[in-house]
Amino acid sequence: MKRLTALLLALTILLGLAACGGPKPSGADANKLVVWHDKEDAVIEALSAYLEEAVPDLEIVFEKKTSLTDSLKLVGNDPTAAPDLFIFAHDKIGVFAEMGILAPVAELLGEGALADCLPMTLSAATYKGTLYQLPLYFETLLFMYNRRYMQDDEAPATTGELLDYMGRNTGRGRYGFVEQHSTAYYSAAWIHGFGDSIIGEDGTPFPDAQAVRDALAYHLQFVALMPGETEYSTVNTLFLEGKADATIGGPWMVPSARDAGIDLGIAPMPTVDVTGKPLAPYSGVQGVHVLKFAAEGKTEAVKTLLSALTDPAIGTSLALASGCAPANVKCYDDPAVAGDELVQSMRATAEIAVPMPNIPEMDVMWTVVGNLLTDVNLSGKDVGASFDAALAKASELIAAMK
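Residues numbered from 1 in each chain as written. Predicted model: local features only at pLDDT ≥ 70, side-chain atom pairs only at ≥ 80, totals over all residues. Heavy atoms only, no water.

This part is about the state of the cysteines. In the structure shown here, the tally under the stated rule is zero disulfides. With no disulfide of its own, Cys324 lies closest to Cys331 among cysteine sulfurs, the gap being 11 Å. Cysteine Cys331 remains unbridged, with the sulfur of Cys117 as its closest cysteine sulfur at 9.3 Å. Look at Cys331 and you get buried, because its relative accessible area is 1%. (Disulfide = S-S within 2.5 Å. Buried < 20%, exposed > 50% of the residue type's maximum accessible area, 1.4 Å probe, protein only.)

So, in structure tokens, the structure goes:
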């Protein structure tokens, strides 16, 4: 009888735990937070040093994942395998929100905690009206040039000036300007400069079809004066070896350029002559995402961590450690940050940059646009016919996702 009573009591406890979603952490476990990331060492070192002082009662364990998105898709919201939080770019928010594994961030923050975030970063972190990321910093593409060849007063204000410079300074193994013209991430700036986008907020591919056709045709003038091979390694090598006067590249190119002894200049993105709109690059916003089980089971620890990360001190530390452009506007008041040309240039570009789409349908568009650019820029196929085929393919693939 005692054994039966014990078994019934154990069964009752197990059922109770299951109904509550499993045992809640207690003691040290409640104050331990596992954070997945794919960031460079300098970023994590800055975060670790800051958090050791800011939240000494919490144990923050950073784990690097080279295939973070694939790993999250496998573990989902499983508290025995998933992290409590992860640091990643905003563009996969839609995928994870649709999986149902993300917790809304705003309700875990105090009132006014986001007041100093750049609007662009909050827009990037929002999916279907809900904020799923606490933005920390962002990156944008920049117009960079080698002052040995292009003087400051020659930095083009318009695409017409850029084309003229390229015509006068391209030939015999030297290029006036190079870019990854057949990669969707880079060419998006030209489409934005014609007033359209690769995909609309509602998942419609190429909302203004004619604007995209016009952008592709216009861009061909520049492509004709660049090398046919424009992978990252080719563009990077041409610029670092002084064989290209200017390029559009990310902040990750800057350390290599400086190490190569290049007197690096950074200028605003040129304005498209025929539209009056600037070449507007994509922006990637890096920040903290919270898994649902952690928000529910380790609420106080998660709130404490997020609160600490809203302090401008961490944004300043990241800017100084790795050239990150902070999401918090107050960071730019720091004299050291204010004097960093790279960070300030990204801050200025944030006024025109377009956050990478964070909707699941964008996964389709990366491939479709890449193939379209290859057809038009590298294979010399007709712009109109190639675009029509790409639009049909995108529509087919997106419809299959519904």
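Residue position: Ala385 is located in helix H17 (residues 383-401). The class for Ala385 is partly exposed, based on a relative accessible area of 47%. Sequence separation between Ala385 and Phe96 is 289 residues; the distance between their C-alpha atoms is 35 Å. (Helix = DSSP H or I, 4+ residues; strand = E, 2+ residues; numbered from the N terminus.)

Mapping Thr349 onto the fold places it in helix H15 (residues 341-349). For Thr349, a relative accessible area of 10% corresponds to the buried category. Within the local environment of Thr349, its side chain forms a polar contact with the backbone oxygen of Ser345, the two atoms lying 2.8 Å apart. Beyond its immediate sequence surroundings of up to four residues, Thr349 is in contact with Thr140, Leu141, Leu142 and Pro281. (Polar contact = N/O pair within 3.5 Å; in protein donor to acceptor, adjacent residues only side chain to side chain. Contact = heavy atoms within 4.5 Å.)

Another point: the pattern of salt bridges. Considering all chains together, one arrives at 15 salt bridges under this definition. For the salt bridge of Lys39 with Asp38, the shortest nitrogen-to-oxygen distance reads 2.3 Å. Between Asp84 and Lys298 there is a salt bridge, with its nearest N and O atoms 3.2 Å apart. Of this pair, Asp84 sits in the loop between helix H3 (68-75) and strand E3 (85-89) while Lys298 is found in the loop between helix H11 (292-297) and helix H12 (299-309), placing the two residues 214 residues apart along the sequence. You'll find Asp84 and Lys298 in the same group, each marked buried. Connected via shared salt-bridge partners are Arg147, Asp152 and Asp263. (Salt bridge = Lys/Arg side-chain N within 4 Å of Asp/Glu carboxyl O.)

Quick look at the sheet that holds strand E8 (residues 246-249) now. Strands sit in the order E8-E7-E9 across an open sheet of three strands; the sheet is antiparallel. Every other strand in the sheet has two partners, leaving E8 and strand E9 (264-267) as the edge strands with one partner each. When the angles between neighbouring strand axes are averaged without regard to direction, this sheet yields 30°. Pairing of strand E7 (residues 142-146) with E8, which is carried by four bridges, proceeds in the antiparallel orientation. (Pairing = 2+ DSSP bridges. Axes fitted to C-alpha atoms, helices over the stretch in contact; angles between N-to-C directions.)

Further remarks concern the packing of helix H8 (residues 209-223) against helix H16 (residues 362-378). Packed helices, taken two at a time, are described by the angle between their axes plus the distance between the axes. Across the interface, H8 lies against H16 with an axial gap of 10 Å and an inter-helix angle of 55°. Considering the angle they form, H8 stands oblique to H16. Where H8 crosses over H16, the handedness of that crossing is right-handed. Contact residues: Leu216, Leu220 and Val223 in H8; Leu372, Leu373, Val376 and Asn377 in H16. For the contact of H8 with H16, a count of residues per class yields six nonpolar, one polar and no charged. (Parallel < 35°, antiparallel > 145°, perpendicular 65-115°, else oblique. Left-handed = near helix turned anticlockwise from the far one by under 90°. Nonpolar A, V, L, I, M, F, W, Y, C, P; charged D, E, K, R; others polar.)

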